[in-house]
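# Reading the structure
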Amino acid sequence: MEIRAVLFDLDNTLFDHQASATAGVAGFLKHLGAEFSEELRFSWFEIEQACYDQFLRKEISFDEQRRERLRRFLPFARVTVPESEGMLDELFLAYLSSYENGWTAFPDAVPVLRGLRKDRMPVSVLTNGNDDQQRAKVKKIGLEPLVDRIFTSELIGHAKPASEAFLESCKELKVSPAQVLYVGDNYTVDVEGARNAGLQAVHLARGSNPSEGSIQSLAELRSILSKNPSRRC
């Protein structure tokens, strides 16, 4: 089937969230007067995922998931949890500052997107999360000039792996789902979600043993798209 557009996940696909958030946690713990440890880093990511999933399920607001992360994490760092929402919000800004200073793209992101643009292949991003923050990430890590559209779950009203998230993006791109290739790191959310919506999909398995049909680097997309009947690559 001809590929007429490529959609990318953002976090842990183009944007190195793990490295960025690790830098954020280290800076935040320093601000708190606590010592960084792998245990605390692991706890932060575990709590972050649980609270962010609540936000994506629309159980809590974006700001509330930030507060809840602090309520759950601070006891692990032996820091007293502020009682007011305002104090929690102010404290979260200390983490956010360190996190944003650490924002970085994976080394293969810019070269691959430049290559796709050179080959006149439409490229967009479909990501779960807050629209303002996700767009800010794309801009900060230098990808904004290289993507045509940015679709976020907040604006679409549906989060991956819901088929509506993928289908609405394809509708906006005016391309049949079957002619769109989705690339993401999370097999269940990105790959299965995309395929259930009728898109083609590739699993990006960075730093792990790839299963059949998956890739370990975005650079491998070149060989996949070279087989595209449209011969754009």
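## Side note on the overall build of the protein chain
- Helix and strand counts for the protein chain stand at ten helices and five strands.
- Here the protein chain has a C-alpha radius of gyration of 19 Å; the compact-globule value for 233 residues is 17 Å, and the two agree.
- C-alpha atoms of the protein chain, sized along the principal axes, occupy 60 × 30 × 30 Å.
- Across the 233 residues in the protein chain, those meeting the buried criterion constitute 51%.
- For the protein chain, the share of sequence-separated contacts (at least 6 apart) that also reach a separation of at least 24 residues comes to 65%.
- Of the roughly 11600 Å² that the protein chain leaves accessible, carbon and sulfur atoms contribute 48%.
- Taken as two groups, the 29 positive and 34 negative side-chain charges of the protein chain have centres that lie 8 Å from each other.

## Details of the nonpolar core
- Of all hydrophobic cores here, the largest spans 53 residues; its most connected members are Phe 8, Leu 14, Phe 28, Phe 73, Leu 113 and Leu 218.
- When residues in this core are grouped by element, the largest group, seven residues, is from helix α4 (residues 85–101).
- Contact partners of Phe 28, with chain neighbours within four places excluded, come to Trp 44, Leu 70, Phe 73, Leu 74, Leu 91, Ala 94, Tyr 95 and Ser 98.
- Judged by nonpolar contacts, the second largest core, of 15 residues, contains Cys 170, Val 175, Val 180 and Leu 199.

## Describing the packing of aromatic side chains
- For the structure shown, the criterion picks out twelve aromatic pairs.
- The ring of Phe 106 has Arg 206 sitting right over it, with the charged end atom 3.8 Å from the ring centre.

## Here we look at the packing of helix α1 (residues 17–32) against α4
- Put simply, α1 and α4 touch, their axes get as near as 7 Å, and they point 135 degrees apart. Between α1 and α4, the angle is such that the two are oblique. Seen from above, α1 lies across α4 with right-handed handedness. When α1 is examined against α4, the residues His 17, Ser 20, Ala 21, Ala 23, Gly 24, Val 25, Gly 27, Phe 28, His 31 and Leu 32 are found in contact with a partner set consisting of Leu 91, Ala 94, Tyr 95, Ser 98 and Tyr 99.
- Its residues assigned to classes, the contact of α1 with α4 shows nine nonpolar, six polar and no charged.

## Section: the sheet that holds strand β4 (residues 180–184)
- Spatial strand order, β3-β2-β1-β4-β5: five strands in an open sheet with parallel pairing. Each end of this open sheet is capped by a strand with a single partner; those strands are β3 (149–152) and β5 (200–203). Sheet twist, expressed as the mean angle between neighbouring strand axes with direction ignored, is 25 degrees.
- Bridge analysis of β4 against β5 gives four bridges, and the strand direction is parallel. By the bridge assignment, Leu 181 is partnered in β5 with Gln 200.
- Here helix α9 (residues 187–196) sits on the sheet in contact with β4 and β5, set at roughly 160 degrees to β5.

## What to know about the environment of Arg 222
- If you trace the backbone, Arg 222 turns up in helix α10 (residues 221–225).
- Of the residues examined, Arg 222 reaches a relative accessible area of 45% and is grouped as partly exposed.
- Sequence separation between Arg 222 and Lys 58 is 164 residues, and the spatial gap between their C-alpha atoms is 37 Å.
- In contact with Arg 222, other than residues within four places in its own chain, are Gly 115 and Asp 119.

## Quick word on the side chain of Ser 20
- Tracing the sequence through the fold places Ser 20 in helix α1.
- At 3.1 Å, the side chain of Ser 20 forms a polar contact with the backbone oxygen of Gly 102.

## Side note on helix α6 (residues 131–140)
- Within α6, the full set of buried residues consists of Asp 131, Gln 133, Gln 134, Lys 137 and Val 138.
- The inward-facing, buried residues of α6 contact α3 (62–73), α4, β2 (123–127), β3 and α7 (153–156).
- Its side-chain oxygen at 3.2 Å from the backbone nitrogen of Asp 132, Asn 130 defines the N-terminal cap of α6.
- Gly 142 occupies a position one or two residues after α6 and carries a positive phi of about 85 degrees.

What counts, and at which threshold
Residues numbered from 1 in each chain as written. Predicted model: local features only at pLDDT ≥ 70, side-chain atom pairs only at ≥ 80, totals over all residues. Heavy atoms only, no water. Helix = DSSP H or I, 4+ residues; strand = E, 2+ residues; numbered from the N terminus. Rg over C-alpha atoms; globule rule 2.2 N^0.38 Å. Buried < 20%, exposed > 50% of the residue type's maximum accessible area, 1.4 Å probe, protein only. Contact = heavy atoms within 4.5 Å. Areas by Shrake-Rupley, 256 points an atom, 1.4 Å probe, with all protein chains shown as cover. Lys, Arg positive; Asp, Glu negative; His and termini not counted. Charge placed at Lys NZ, Arg CZ, Asp CG, Glu CD. Core = buried A, V, L, I, M, F, W, Y, C linked by side-chain atoms within 4.5 Å. Phe/Tyr/Trp six-rings, centres within 6.5 Å; stacked < 30°, edge-to-face > 60°. Lys NZ or Arg CZ within 6 Å of the ring centre and 35° of its normal. Axes fitted to C-alpha atoms, helices over the stretch in contact; angles between N-to-C directions. Parallel < 35°, antiparallel > 145°, perpendicular 65-115°, else oblique. Left-handed = near helix turned anticlockwise from the far one by under 90°. Nonpolar A, V, L, I, M, F, W, Y, C, P; charged D, E, K, R; others polar. Pairing = 2+ DSSP bridges. Polar contact = N/O pair within 3.5 Å; in protein donor to acceptor, adjacent residues only side chain to side chain.

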